[in-house]
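Understanding the architecture of this molecule
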Amino acid sequence: MRRKGLLWSIIIIFTILPIIIDFNLKEELQRLSTFIWSLYLIPNILIMIIYPKWKVIIGTAIFYSAMKYIAFFIEKESISQLEMIALILESFVNGAILFTVSYFRLGYNKLLEHTQKLIIIDPLTGLYNRRYFDLYMEKTIPLSLRINSPLSLIMIDIDHFKRINDNYGHPCGDEALKHISEIIKANVRNSDAYVRLGGEEFAIILPNTHLDEGQILAERIRKAVEQSNFAHHNEQIPISISLGVSLYKGEEIEGFLEKVDKALYRAKENGRNQVVVLR
């Protein structure tokens with residue numbers, strides 16, 4: 001926030017400064033006018049840094065060009081053809097500099113965004129991965145404690161996933177993971193975080209959610225998977241999931257995860273395709 005405020009202060013200063021300087025230049029220093037108006041590159045580039053979008057960049061360039069031309073024509077009673085050509089050429093040069101910088105800046109932003117996605121997104125399912133899960137939990141648990149808001153967690157495991165891989169091949173296993181991922185995404189809220197922990201395990205973090213609400217969601221997802229149509233090479237394959245649900249009660253993160261994992265283990269131990277709640 002401080003950095004943004006500082007950048008906007010510089011933008012305002014360099015928006016006003018060229019006008020003040022140019023209007024106060026002595027006649028013998030008028031040859032410096034082109035350089036002075038080039039100072040408008042500074043606010044242009046700073047706005048690009050704050051809002052790196054082509055629409056903003058182009059709009060800003062037009063705005064500052066208009067300001068420069070208006071001030072230039074107000075100041076001078078008559079403009080020679082040479083001065084007009086110099087003004088236009090200077091605008092083209094500054095525009096070329098601005099758009100070159102913008103091109104590389106936006107390219108860098110796109111590359112950075114792609115890299116960040118690779119770090120926290122599971123490439124197979126498109127869900128967030130374990131790294132995101134750990135980071136999310138580190139932020140969400142202290143917030144939940146601070147505002148005294150309930151936090152529930154669901155852990156999911158695909159039943160007999162190894163059997164699917166062994167009987168139908170790993171491509172079928174990958175399709176099963178994608179199939180479950182789509183069902184999870186279709187049933188959670190925008191405020192929930194859903195991740196693939198690894199292998200055939202998934203998790204859903206439910207902020208501001210009581211245990212009973214978490215249990216209802218878990219049962220809805222379980223039924224949706226059980227009733228879904230999963231096929232590989234036109235062969236129908238039965239698929240189900242086991243789920244463990246628990247509510248955060250102020251324990252360490254590791255202890256909370258162990259509690260939910262224990263609930264999941266009981267669901268699998270009790271025959272799978274069921275939801276187990278550990279209070």
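Here we summarise the structure given alongside this text. (Residues numbered from 1 in each chain as written. Predicted model: local features only at pLDDT ≥ 70, side-chain atom pairs only at ≥ 80, totals over all residues. Heavy atoms only, no water.)

1. Quick word on the overall build of the chain
Inclusion rule: Only runs of H or I of at least four residues qualify as helices and only runs of E of at least two qualify as strands under DSSP, and these elements are numbered from the N terminus. C-alpha atoms define the radius of gyration, and 2.2 Å times the number of residues to the power 0.38 defines the globule rule. For each residue, the accessible area found with a 1.4 Å probe, counting protein chains only, is set against the maximum for its type, and the residue is called buried under 20%, exposed over 50%, and partly exposed in between. Here the Shrake-Rupley method, with its probe set to 1.4 Å, supplies the accessible areas, and only the displayed protein chains count as covering residues. Lys and Arg are tallied as positive, Asp and Glu as negative. Neither His nor the chain termini are counted. By convention, charge coordinates are those of NZ in Lys, CZ in Arg, CG in Asp, or CD in Glu.
Helices and strands together make up the secondary structure of the chain, namely 10 helices and seven strands. Taken over C-alpha atoms, the radius of gyration comes to 30 Å for the chain, far larger than the 19 Å a tight globule of 279 residues would show. Here the C-alpha coordinates of the chain stretch approximately 95 × 50 × 25 Å along the principal axes. For the chain, buried positions account for 41% of its 279 residues. Working note: accessible area of the chain is about 16,400 Å², and carbon and sulfur atoms make up 59% of it. The averaged location of the 31 negative side-chain charges in the chain is 2 Å from the averaged location of its 32 positive side-chain charges.

2. Section: a nonpolar patch on the surface
Rule in force here: Here, patches come from residues exposed beyond 30% relative accessible area and free of salt bridges, joined within 9 Å for like charges and within 5 Å for nonpolar side chains (Val, Leu, Ile, Met, Phe, Trp, Tyr). We count a salt bridge whenever a side-chain nitrogen from Lys or Arg sits within 4 Å of a carboxyl oxygen from Asp or Glu.
Taken together, the side chains of W54, I58, I62, F99, Y103 and F104 make up a nonpolar region of the molecular surface, amounting to roughly 650 Å² of accessible area. Elements that contribute at least two residues to the nonpolar patch include exactly α4 (54-75) and α5 (81-120). Within the secondary structure layout, F104 lies in helix α5. F104 gets classed as exposed once you look at its relative accessible area, which sits at 58%.

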